[in-house]
Each structure stands twice: as C-alpha cells, then as structure tokens.
Amino acid sequence: MTRSLQSHPAVGPDRPRRVIEPATRGFGAYLAELWLYRELIFFLVWRDVKVRYKQTALGVIWVVMQPLLSTIIFSVALGALADIPSDGVPYPLFVMAALLPWQIFSLSISDMCHSLVQNEHLISKIYFPRLIIALSPICARLFDFAITAPVLVGLQIFYGVRPSAALLALPLFLLLVIQAAAGVGLWLATLNLRFRDVGYTIPFLTQFLMFATPVVYPSSLVPEAWRTLYALNPMVGVVDGFRWSLLGTGEPPLMSTLLSALVGGTVLLSALLYFRQVEATFADIV
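Residues numbered from 1 in each chain as written. Predicted model: local features only at pLDDT ≥ 70, side-chain atom pairs only at ≥ 80, totals over all residues. Heavy atoms only, no water.

Caption draft 1: Examining the overall build of the protein chain more closely. Helix and strand counts for the protein chain come out as 12 helices and two strands. Listing the helices and strands of the protein chain from first to last along the sequence gives β-β-α-α-α-α-α-α-α-α-α-α-α-α. Counting the 286 residues in the protein chain, one finds 45% classified as buried. Considering only residue pairs separated by 6 or more positions, the protein chain has 75% of its internal contacts joining residues 24 or more positions apart. As displayed, the protein chain has an accessible area near 15400 Å², and 68% of this comes from carbon and sulfur atoms. (Helix = DSSP H or I, 4+ residues; strand = E, 2+ residues; numbered from the N terminus. Buried < 20%, exposed > 50% of the residue type's maximum accessible area, 1.4 Å probe, protein only. Contact = heavy atoms within 4.5 Å. Areas by Shrake-Rupley, 256 points an atom, 1.4 Å probe, with all protein chains shown as cover.)

Caption draft 2: Region of interest: the environment of Arg 194. Residue position: Arg 194 is located in helix H7 (residues 170-194). Taking the C-alpha atoms as reference points, Arg 194 and Phe 282, 88 residues apart in sequence, are found 8.8 Å from one another.

Caption draft 3: Here's a closer look at the packing of helix H4 (residues 91-118) against helix H10 (residues 234-247). Packing of H4 against H10 brings their axes to within 9 Å, and their N-to-C directions diverge by 135°. Here H10 runs oblique to H4, going by the angle between their axes. The way H4 lies across H10 gives a crossing that is right-handed. Contacts between H4 and H10 involve Leu 93, Phe 94, Ala 97, Ala 98, Pro 101, Trp 102 and Phe 105 from the first element and Met 235, Val 238, Val 239, Phe 242, Arg 243, Leu 246 and Leu 247 from the second. A per-class count over the contact of H4 with H10 returns 13 nonpolar, no polar and one charged. (Axes fitted to C-alpha atoms, helices over the stretch in contact; angles between N-to-C directions. Parallel < 35°, antiparallel > 145°, perpendicular 65-115°, else oblique. Left-handed = near helix turned anticlockwise from the far one by under 90°. Nonpolar A, V, L, I, M, F, W, Y, C, P; charged D, E, K, R; others polar.)

Caption draft 4: Structural context of the side chain of Ser 108. Here Ser 108 lies in helix H4. Under the relative-accessibility criterion, Ser 108 is labelled buried at 0%.

Caption draft 5: Structural context of the packing of aromatic side chains. Inspection of every chain in the model, using the stated rule, returns eight aromatic pairs. Both rings, one in Phe 145 and one in Phe 242, keep their centres 6.3 Å apart while their planes meet at 85°; by these two values the pair is edge-to-face. Taken together, the residues Phe 145 in helix H6 (residues 131-159) and Phe 242 in helix H10 connect sequence positions 97 residues apart. Using a relative accessible area of 14% as the deciding quantity, one classes Phe 145 as buried. If you follow Arg 243 out to its NZ or CZ, it ends over the ring of Phe 94, 3.5 Å from the centre. (Phe/Tyr/Trp six-rings, centres within 6.5 Å; stacked < 30°, edge-to-face > 60°. Lys NZ or Arg CZ within 6 Å of the ring centre and 35° of its normal.)

Caption draft 6: Seen up close, unusual backbone geometry. Not every positive phi belongs to a glycine, and Asp 83 is a case in point at roughly 55°. Relative to the elements of secondary structure, Asp 83 occurs in the loop between helix H3 (61-81) and H4. Relative accessible area serves as the criterion here: at 60%, Asp 83 is assigned to the exposed category. The backbone phi angle of Asp 87 is positive, close to 55°, even though this residue is not glycine.

Caption draft 7: Local environment of the environment of Pro 67. The topology assignment puts Pro 67 in helix H3. For the pair Pro 67 and Leu 99, spaced 32 residues apart in sequence, the C-alpha to C-alpha distance is 6.3 Å. With residues near it in sequence (within four places) discarded, Pro 67 still touches Met 96, Leu 99, Gln 103 and Thr 148.

Caption draft 8: Spotlight on the environment of Pro 92. Mapped onto the secondary structure, Pro 92 falls in helix H4. It is 8.2 Å that separates the C-alpha atoms of Pro 92 and Leu 155, two residues lying 63 residues apart in sequence. If sequence neighbours within four positions are ignored, Pro 92 has contacts with Thr 71, Ser 75, Leu 155 and Tyr 159.

Caption draft 9: Structural detail: the nonpolar core. Counting 70 residues, the largest nonpolar core has Phe 105, Leu 116, Leu 186, Met 235 and Phe 275 as the members making the most contacts within it. Residue assignment for this core shows that the elements contributing at least two residues are helix H1 (27-36), H3, H4, H6, H7, helix H8 (202-211), H10 and helix H11 (254-278). Looking at this core, the element that brings in the most residues is H4, giving 16 residues. When residues no more than four places from it in sequence are discounted, the contact partners of Phe 275 are Tyr 30, Leu 116, Arg 130, Leu 131, Ala 134, Leu 186, Thr 190 and Phe 282. Membership of the second largest hydrophobic core comes to five residues, among which are Val 45, Val 49, Tyr 53 and Ala 140. (Core = buried A, V, L, I, M, F, W, Y, C linked by side-chain atoms within 4.5 Å.)

Below, the structure written as structure tokens:
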C-alpha cells in the first residue's frame, strides 16, 4: 500500500514522495494466509517430532510408556486402594480413555507456552504468520495420540469391551480437545513472551486442571448443583465424550459437550484476536 506525502512537512523537494506500508488485512485473510505456509507447518511439526526422540534408546516407545505407567499407578492407588467408581467399566480402561485426550491437551499447552520464546531466531529474522509456531506443537502431539491409541484398543480387547456406533462421534471430541488446547496454549504463549514467569506456572496449572477434569474419577461424583459450573472447564465435555464414544459409558454427554464447545470456542477466539493484536511487537520483545 502506498500513500502520497506531498503535504507532509518533513518531505522536501529532494525527498521521496511516497511511503510503503503493509496492506490492511481482515482477520479472515490472516487465517487464510496460513494455508500458503502449509509446508512450513509440516517442517516445524516434523522437526519437533525428530528433536523429541533424537538420541533416545527407546524412541517413540516413550510416548506409550507415559500414559501406560500413569494408568497402572492410578489403577493401583485409586482404583484398587481408594475404590473410585468407574461407571461399570474396568478402571484401567476407564482411566486410559481419559488420559488420551488429556495427554494431547496438557502436553500441547506446555509446548505452546514456550514455542515463541524457543523460536526467537525465526521470529526476529524472517516474516511468516507467527501463529504457525504457536500451533505446530498441537500437530506434533496428535502424532503421539496416533501412536498411543492402539494401546487403548489392546486394553479393550483384553477386557472384552467392544466399541459401539458412538465411536463415530470420536472425531468431534478430538476437534474439541484441539480447540481447547489451541485456545489455552495461545494465551499462554502470548503472555509468556512478555512475562517469562508464565512458563513456570505450567506444571501447577496442568496439575490443577487434571484434578478439575474427570480423568481419574467420573463426572457423576460431582454434586448435581455444581455440574453446570464444573462443565465450564472445556476438558470436562471432552473427557466424558471420549469415554462415551470409546467405551459406551452412560448417556451421551450433551450438556457438557455443548458447554465445552462454547467455552473452548470463546477462549480460542479471544486468544486469536489478542495474538493478532500484539503479533507485530513479537520481534521487539522476544
């Protein structure tokens, strides 16, 4: 975009008469620009996956071990000793079905929080939508999900739990966990760029949210009067939805799913708008 400077007092007869400015783009055009950089998204995701398992003896087996060991610990400590109910399904299967979406969410927001700081050399040297850096960790964690999912299938076969037609709704709940992770992660990534101590809150935040989400216990344990407020946590509907879709536990979680979609969508939209507003300053403060 150019504009005339003939009336500008600082412009003399020997000075340039025009200045080049960035064109004003709408929010939709900004998001559409991500498609033009789709190859960069692929390479950033592939880089994250390779770096994570570089020079490791077990490689991607670590992806399987994390939820599997967590399932064993929770099954012994809470399922066997504390006798936490599990909606009529074996407790290891009950927990594993919740750990799959929780792992996507918790690890994604942790990676996203530090993504802009860790890629400061890219931000300060070349132009591309910075949103790509912030969102690429989610795609890398979906790779982990694809590796871990067969473990749950093996547990279902072991316990004789067959999937039902509800399995067709699984992509919807997968989109909801991506939405929730993207919204929370974008806020954390943007704030961490300016206030680096935000990154130190991630372990506490994920631990708190885990116990505020029905990962190791069913939502039915929450008193009826508190369930609407409880479902404002966008991961509540996601976890309940994964269990219902994979294991056929209870009725479809319509209310919690709707609230998860509304709250998660609101958080994501606000994060995108704020990210877009301050993106121009990233190179100055990184």
